[in-house]
Amino acid sequence: MADIADAALLRVLQLASPALPIGGYAYSQGLEYAIEQDWVTDLDSAAGWLTALASRSLGRLDIPLLLRQYAALEQQDATGFAAWNDWLLASRETAELYLEDSQQGGALLRLMKSLLIPAALDWPTGEPLALVSAFAMAGQHWRTGPKALALGVLWSWLENQTGAATKLIPLGQTDAQRLLDRLLPALPPIVELAAGLADEELGAGLPGLAFASARHEHQYTRLFRS
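Residues numbered from 1 in each chain as written. Predicted model: local features only at pLDDT ≥ 70, side-chain atom pairs only at ≥ 80, totals over all residues. Heavy atoms only, no water.

*Asks:* What's the story with the packing of helix 8 (residues 146-168) against helix 10 (residues 187-195) in this structure? I'm lost.
*Replies:* The axes of two packed helices give the description: the angle between them and the distance between them. Here helix 8 crosses helix 10 at 125 degrees, and the two axes come no closer than 10 Å. Taken together, the axes of helix 8 and helix 10 are oblique relative to one another. Read as a crossing pair, helix 8 and helix 10 show a hand that is right-handed. Between helix 8, through K147, A150, L151, L154, W155 and L158, and helix 10, the contact on the second element is made entirely by L187, P188, I190, V191 and E192. Its residues placed into classes, the contact of helix 8 with helix 10 shows 9 nonpolar, no polar and 2 charged. (Axes fitted to C-alpha atoms, helices over the stretch in contact; angles between N-to-C directions. Helix = DSSP H or I, 4+ residues; strand = E, 2+ residues; numbered from the N terminus. Parallel < 35°, antiparallel > 145°, perpendicular 65-115°, else oblique. Left-handed = near helix turned anticlockwise from the far one by under 90°. Contact = heavy atoms within 4.5 Å. Nonpolar A, V, L, I, M, F, W, Y, C, P; charged D, E, K, R; others polar.)

Here you go:
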């Protein structure tokens, strides 16, 4: 059992690694605009912004969908998997958020195909794949378990966002670690909340994120793609 658990942990670390070639470092999810508008200016305001995104967006949309996608693959429910994938992509409120999701999902899909993961090989050519759908494919194939996979996905997102804040505010390296230290304890409760949501409770409701993302498309100077 220990060998199985160790292998699963290593696969989660592989998927959460910044070395995973999906380009997550290139996106700020509206943070760049929020900083330009002085909504986010320091460690405390960055913590507030990221806490809201993690709990009210990822925790109520991406992570519940990840858990459903993992379960659909376990049950060999290809129709259900495809339906949830389409539902998630349709929930993206701006062109940038849609492209961020589908481009990263497509990059992970290509990687999985090169690794001969069956679900990736079976995915219809040209059909968009959301990032958490791709994570679910990889995680289910490697038997990570849904909870560990969800925590890895949240950590990967938080690490990328902290990196963006470090460059844009800017934060020093020590403050970046303080930011991670402050937010890490919130991740397991987010997964627990996500696991308990009914289908009719799914959906993100952050108008500020949608506004920041839409306005980011027209910023004069940009370091990030979203």
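Anyway, onward from the coordinates.
*Asks:* Help me understand the side chain of D62 in this model?
*Replies:* If you trace the backbone, D62 turns up in helix 3 (residues 43-74). Setting aside chain neighbours within four positions, we find D62 in contact with S57, R92 and V132.

*Asks:* I tried to follow helix 9 (residues 173-183) on my own but got confused; where do I start?
*Replies:* Structural remark: α-helix, 3.6 residues per turn; residues separated by three or four positions point the same way. All buried positions along helix 9 are accounted for by A176, L179, L180 and L183. Here the buried residues of helix 9 occupy an arc of 95 degrees about the axis, which is enough to place them on one side. Counted as exposed and oriented over 90 degrees from the buried face of helix 9: Q177 and D181. Contact partners of the buried residues in helix 9: helix 3, helix 8 and helix 10. (Buried < 20%, exposed > 50% of the residue type's maximum accessible area, 1.4 Å probe, protein only. Arc of directions from axis to C-beta.)

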